[in-house]
Amino acid sequence: MKKFLLRSTVFVLAFVITLVVASRLLNKDRDNLTQEMAHATLPVVTMLWGETEYNPLYGYVTPMDPAFQRDQITILGENRNTEFLIRSYGRDITKIDAQVRSGDGERLIETIEITQFQKKGDEIRAELALKDLIEKGEEYVISICLTLDDWQEAWYHTRAIWDPESLVGEELAFVSNFHETLFHREEAKNLVKYLESNPKLQDNDSFHYVNIHSSFKQITWGDLKVTESRKPVYTVKEIHGRDASILVDFGVSTKGNEKTTYYRAQEFFKIRYSADRTYLLAYERAMTQIPDENALYGGDKLLLGIGDENVDMMESEDGNVVVFQQADRLFSFQIGTQRLVKIFSFYDVGREDAREEHDDADVKILSVDKDGSCTFAVYGYQSRGEREGENGIRICRYDAKINAVSETAFIPWDQPYSVLKAQMDQLLYYGQDQFLYLCLEQAVYRCDLKKKTYEKLLEIRGDGCMMASADHQILTWQEPFADGTAREILIQNLATNTSSKFTGGQDEVLRLLGFMGQDVIFGVAKREEIAKTIGGREIFPMYKLRIGRADGTLQKEYSQEGLYVTGCTVEENQIILERATRKDDGSFVDATPDHVTKTKQEAAGKNVVAPVDIDVYETYVQIKVNGKIDANKVQLLTPKEVIVEGAESFVVEAEAPTDRYLVYSPFGLEGSYVSASNAVQKADEISGYVIGHEGNLIWRKSDRSTRNQIMAISEPDKVPAEESMAVCLDVMLRTKGVSLDSAPLLEEGKTPQMIVQDSLSEGSALSLVGVSLDAMLYYVSKDLPVLAILRSGEGVLITGYNESLVVIFQPSTGKLGKRGMSDAAKWFEENDNCFLTFSP
């Protein structure tokens with residue numbers, strides 16, 4: 001018996017060893033293991049103003065483009081210095097370096113090694129002092145590099161500005177006091193003078209969003225008994241002169257009979273500080289309940305609580321699985337098995353860690369299978385796990401059979417989350433056979449995630465030339481001719497990989513206008529009626545509006561004799577039409593709006609959002625599921641993560657566009673445009689600024705002196721009106737040191753913009769059409785003359801201004817004359833507001 005046991009034991013051991021060796025041989029290129037997602041390990045750097053902490057910076061372990069690091073701005077004091085605090089979280093820091101670059105990231109100004117610092121426990125306090133190589137009021141990029149215990153480098157980026165007279169300390173104190181006081185209603189009565197409560201401008205029926213127009217009770221948390229559960233973190237988003245925009249990131253909680261509910265919250269302040277009084281120019285607060293898997297269901301509802309009614313959710317084809325996300329926590333509920341799965345979250349409820357709670361990434365659901373499996377994307381800054389400190393687009397797969405999440409692909413990107421989000425909002429779709437469609441750098445790419453290859457499908461050549469349906473399944477685009485018009489609307493259904501198109505008649509051109517559900521809205525114009533002024537303003541009167549299906553079949557057509565469609569907006573099942581009539585002189589005048597109603601509604605899913613009004617909580621968001629939820633049978637699952645050792649990134653080498661303008665509001669990135677005119681108009685509307693494709697500043701609201709005069713331009717000699725354009729161009733170019741005779745070039749058919757652009761050795765010509773005179777004075781304040789192109793073809797230059805007058809260089813009259821501000825604005829508007837200047 002003993003011999004038999006011995007032989008058996010030897011046999012089993014040999015068998016096990018053989019299995020292990022074979023397994024390793026078979027998997028030598030991909031040694032997988034399953035584990036919980038690793039917690040964050042990188043230090044955090046926080047800037048200091050005195051003893052006030054602001055602008056927390058999170059570490060990147062891969063290169064980032066410094067030109068687009070615009071999520072905060074740090075103030076350098078009188079001696080071009082700032083202190084900062086490092087929280088190491090147990091990591092050993094062996095070296096601290098810093099780089100200072102120009103605002104566009106192109107020019108390295110200074111490299112600094114910081115050897116003097118104070119260490120206390122896990123905190124290191126250091127000072128960064130710059131040499132006399134920077135200018136007051138100019139923006140720069142500071143990159144701090146920490147070398148860690150395992151020779152890993154972590155980089156921390158911030159914009160910076162040297163402003164010895166900065167009031168940032170007082171501004172942060174005001175915001176901090178305002179924030180804290182709102183938790184105490186009696187004390188908060190002193191803040192009423194800052195509010196502009198108006199129920200016509202803002203409803204008071206949801207705590208998810210409040211602003212300066214909300215009621216005093218709503219802003220002071222109504223009847224919710226909230227407690228601050230996570231201390232506030234302050235970020236200076238913008239600061240210019242006495243104006244500052246500050247973001248407060250914090251957490252609150254409410255207590256019920258048996259549980260505590262937690263919420264993520266952010267406040268946005270725009271203030272104007274003075275010694276006499278501080279003005280609150282804007283205030284917004286967003287609040288979202290953190291879904292708690294232990295209290296997420298009741299009856300036939302999934303209880304999301306206070307949050308956005310536009311829930312990000314997707315269901316399986318049979319409706320028996322619903323996947324949803326709120327507050328960047330991704331869940332699925334399988335009705336048949338009663339499984340509730342917390343698929344993904346960077347942070348854990350009740351575990352406070354600023355690095356993991358850092359909100360610089362988004363989760364997007366891409367597909368849902370009948371068995372409960374799903375594909376999703378996590379794009380932006382990866383705050384924990386195997387890719388901690390990396391930035392990009394991570395495609396993940398939840399496998400319901402083994403209850404595990406694995407990475408399908410990771411596409412690294414060197415621009416921050418805010419810029420990446422603007423592109424993912426345009427297009428991010430997961431199609432058949434693991435094809436991923438996404439928008440990067442003004443182009444659409446198709447990535448084969450199996451083969452790790454990609455191809456560029458199309459370039460976006462103009463604002464509105466590419467659009468996707470709300471679910472990103474239907475992609476439409478136009479490929480314009482040289483004159484900017486297009487005769488076709490091209491369509492691709494990314495789910496079925498089928499294509500179709502709409503084509504205009506021989507004398508017609510089409511314009512893409514938008515979507516209603518998955519139906520395409522476009523306008524039809526006669527080519528002979530399209531015109532473009534000498535200044536570049538396009539006249540595109542559409543005599544028909546059409547609605548078509550994605551398969552290329554026409555569904556509906558709208559037209560009225562003598563009326564033209566100039567634009568439209570979509571509201572639920574209605575298209576609101578902007579219309580105009582043509583006058584005898586060929587110009588257009590606005591007509592009353594009209595609407596087109598879609599009678600056939602899009603089919604609703606089997607799992608639907610069903611918000612209700614609850615006294616204390618006001619609007620309370622729920623998902624009514626396709627069946628019952630049995631609390632006694634619900635299984636709570638938390639999948640582990642499949643780690644593939646040696647997993648490689650999937651690099652998409654997208655070419656940087658030559659025409660891209662990023663528009664920032666006081667609180668962050670608002671959008672990306674191909675047209676500089678559209679970008680400046682949007683920035684003017686939201687009191688923001690515009691950044692060019694190289695990271696250079698193009699335009700900024702409220703960044704001009706009250707008066708300026710370009711002294712290098714004197715009174716002109718009088719010439720005929722038809723010669724005025726050449727004179728203006730020659731004078732403009734002389735301010736840049738260029739001597740040119742523009743008249744022959746104009747006779748050759750070259751446009752003013754072409755002439756200016758071809759004449760510059762650096763910088764670029766900036767054609768701005770439809771932009772107001774008030775906005776154009778920004779350039780005059782920078783000593784950049786502005787050419788105004790009149791409908792007659794005459795040219796004049798704007799060379800100065802004060803509070804009430806504009807100085808105009810007009811060769812046809814031989815005068816450097818003055819006009820009243822409102823009179824000049826009306827004159828230029830009547831001439832289509834067509835301007836040409838230099839980029840700053």
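Look a little higher up for the structure.
What this report covers is the structure whose coordinates are included nearby. Only a predicted model underlies this, so the values are computations on that prediction, with no experimental measurement involved.

Conventions and cut-offs
Residues numbered from 1 in each chain as written. Predicted model: local features only at pLDDT ≥ 70, side-chain atom pairs only at ≥ 80, totals over all residues. Heavy atoms only, no water. Helix = DSSP H or I, 4+ residues; strand = E, 2+ residues; numbered from the N terminus. Rg over C-alpha atoms; globule rule 2.2 N^0.38 Å. Buried < 20%, exposed > 50% of the residue type's maximum accessible area, 1.4 Å probe, protein only. Contact = heavy atoms within 4.5 Å. Salt bridge = Lys/Arg side-chain N within 4 Å of Asp/Glu carboxyl O. Pairing = 2+ DSSP bridges. Axes fitted to C-alpha atoms, helices over the stretch in contact; angles between N-to-C directions. Core = buried A, V, L, I, M, F, W, Y, C linked by side-chain atoms within 4.5 Å. Polar contact = N/O pair within 3.5 Å; in protein donor to acceptor, adjacent residues only side chain to side chain. Arc of directions from axis to C-beta. Phe/Tyr/Trp six-rings, centres within 6.5 Å; stacked < 30°, edge-to-face > 60°. Expected span 1.5 Å × (residues − 1).

So, the overall build of the protein chain
Here's step 1: Within the protein chain, the secondary structure is distributed over twelve helices and 59 strands.
Here's step 2: Whereas a compact globule of 840 residues would reach a radius of gyration of roughly 28 Å, the protein chain reaches 30 Å, a difference of no more than 12%.
Here's step 3: On the principal axes, the C-alpha backbone points of the protein chain span a range of 120 × 70 × 60 Å.
Here's step 4: The buried share among the 840 residues of the protein chain stands at 52%.
Here's step 5: Counted over contacts in the protein chain with a minimum sequence separation of 6, partners at least 24 positions apart contribute 58%.

Looking at the pattern of salt bridges
Here's step 1: If you walk through the whole model with that rule in mind, you get 49 salt bridges.
Here's step 2: One salt bridge connects Arg329 with Glu293, and the closest N-O pair in it is separated by 2.8 Å. Here the residue Arg329 occupies a position in strand β21 (residues 329–334), and Glu293 occupies one in the loop between β16 (278–289) and β17 (297–298), the gap between them amounting to 36 residues. Across this residue pair, the class does not change: Arg329 and Glu293 are buried.
Here's step 3: Arg707 is paired through a salt bridge with Glu803; the nearest N and O atoms lie 2.8 Å apart. Of this pair, Arg707 sits in the loop between β52 (697–700) and β53 (708–709) while Glu803 sits in the loop between β56 (795–801) and β57 (805–810), and the two are 96 residues apart along the sequence.
Here's step 4: Of the residues examined, Glu803 reaches a relative accessible area of 52% and is grouped as exposed.

Notes on the sheet that holds strand β5 (residues 81–87)
Here's step 1: With antiparallel pairing, the five strands of this open sheet are ordered in space as β3-β2-β5-β9-β8. Taken across any chain shown, the strands that pair with only one partner, and hence form the sheet edges, are β3 (52–58) and β8 (117–120). Pairs of neighbouring strands in the sheet enclose a mean axial angle of 25°, with direction left out of account.
Here's step 2: Two elements, β5 and strand β9 (residues 123–129), share seven bridges in a ladder whose sense is antiparallel. When the bridges of β9 are listed, Arg87 appears paired with Glu123.

Regarding the nonpolar core
Here's step 1: Within the largest apolar cluster, 70 residues are counted, with the highest numbers of intra-cluster contacts made by Val45, Phe84, Ile96, Ile144, Leu146, Phe178 and Tyr283.
Here's step 2: Those residues in contact with Ile144, other than ones at most four positions away along the chain, are Val45, Phe84, Ile96, Asp97, Ala98, Ala154, Trp155 and Tyr156.
Here's step 3: Listed in part, the 55 residues of the second largest apolar core include Met776, Val796, Ile808 and Cys834.

Re the pairing of strand β22 (residues 339–344)
Here's step 1: The buried fraction of β22 amounts to five of the six residues, a majority that puts the element mostly inside the structure.
Here's step 2: Where β21 lies against β22, five bridges are found, and the strand directions are antiparallel. Each bridged residue has a counterpart across the sheet, and for Leu330 the counterpart in β22 is Phe344.
Here's step 3: Adjacent in sequence and paired antiparallel, β21 and β22 are bridged by four residues, among which Gln338 carries a positive phi angle near 60°.
Here's step 4: Taken together, the three bridges between β22 and strand β47 (residues 635–637) define a ladder with parallel strand orientation. Paired with Arg339 across the two strands is Gln635, which belongs to β47.

Some details on the side chain of Glu441
Here's step 1: Position of Glu441 relative to the elements: it lies in the loop between β28 (435–440) and β29 (443–448).
Here's step 2: At 3.0 Å, the side chain of Glu441 and the side chain of Gln415 are in polar contact.
Here's step 3: In this structure, Glu441 is in contact with Trp413, Gln415, Gln423, Ala654, Glu655, Ala656, Pro657 and Arg660, ignoring residues within four places of it in sequence.

Description of the sheet that holds strand β39 (residues 544–548)
Here's step 1: Spatial ordering of the open sheet is given by β35-β36-β39-β40, a layout of four strands whose pairing is antiparallel. Pairing within the sheet leaves two strands with one partner each, and these edge strands are β35 (508–516) and β40 (554–558). Between one strand axis and the next, the sheet turns by 25° as a mean value, whatever way the strands run.
Here's step 2: Relative to β40, β39 is paired through four bridges, and the arrangement is antiparallel. Looking across to β40, one finds that Arg546 is bridged to Glu557.

What to know about helix α12 (residues 821–830)
Here's step 1: Within α12, the full set of buried residues consists of Ala824, Trp827 and Phe828. On an axial view of α12, the arc spanned by its buried residues comes to 95°, and they lie on one face. Of the exposed residues in α12, those oriented more than 90 degrees away from the buried face are Ser822, Lys826 and Glu829.
Here's step 2: On its buried side, α12 packs onto α11 (773–781), β55 (786–789), β56, β57, β58 (815–820) and β59 (834–838).

Details of the packing of aromatic side chains
Here's step 1: In this structure the tally under the stated criterion is 25 aromatic pairs.
Here's step 2: Arranged with centres 6.0 Å apart and planes meeting at 65°, the rings of Tyr445 and Tyr454 form a pair that is edge-to-face.
Here's step 3: Using a relative accessible area of 3% as the deciding quantity, one classes Tyr445 as buried.
Here's step 4: Look at Tyr454 and you get partly exposed, because its relative accessible area is 31%.

What to know about the pairing of β58
Here's step 1: Of the pairings in the sheet, the one linking β57 to β58 comprises six bridges and is antiparallel in character. Directly across from Leu805, in β58, lies its bridge partner Gly820.
Here's step 2: If you look at the hairpin formed by β57 and β58, you'll find four residues sitting between the two strands, and Gly814 has a positive phi there, around 70°.

Some points on the environment of Arg819
Here's step 1: Tracing the chain through its elements places Arg819 in strand β58.
Here's step 2: Those residues in contact with Arg819 that sit more than four places away from it in its chain are Ser804, Leu805, Val806, Ile808, Ala824 and Trp827.

Remarks on helix α2 (residues 168–181)
Here's step 1: The terminal C-alpha atoms of α2 lie 20 Å apart, and with 14 residues this matches the ideal 20 Å at 1.5 Å per residue to within 8%.
Here's step 2: Among all positions in α2, only Val168, Glu171, Leu172, Phe174, Val175, Phe178, His179 and Thr181 are buried.

Nothing here speaks to function; it is geometry throughout.
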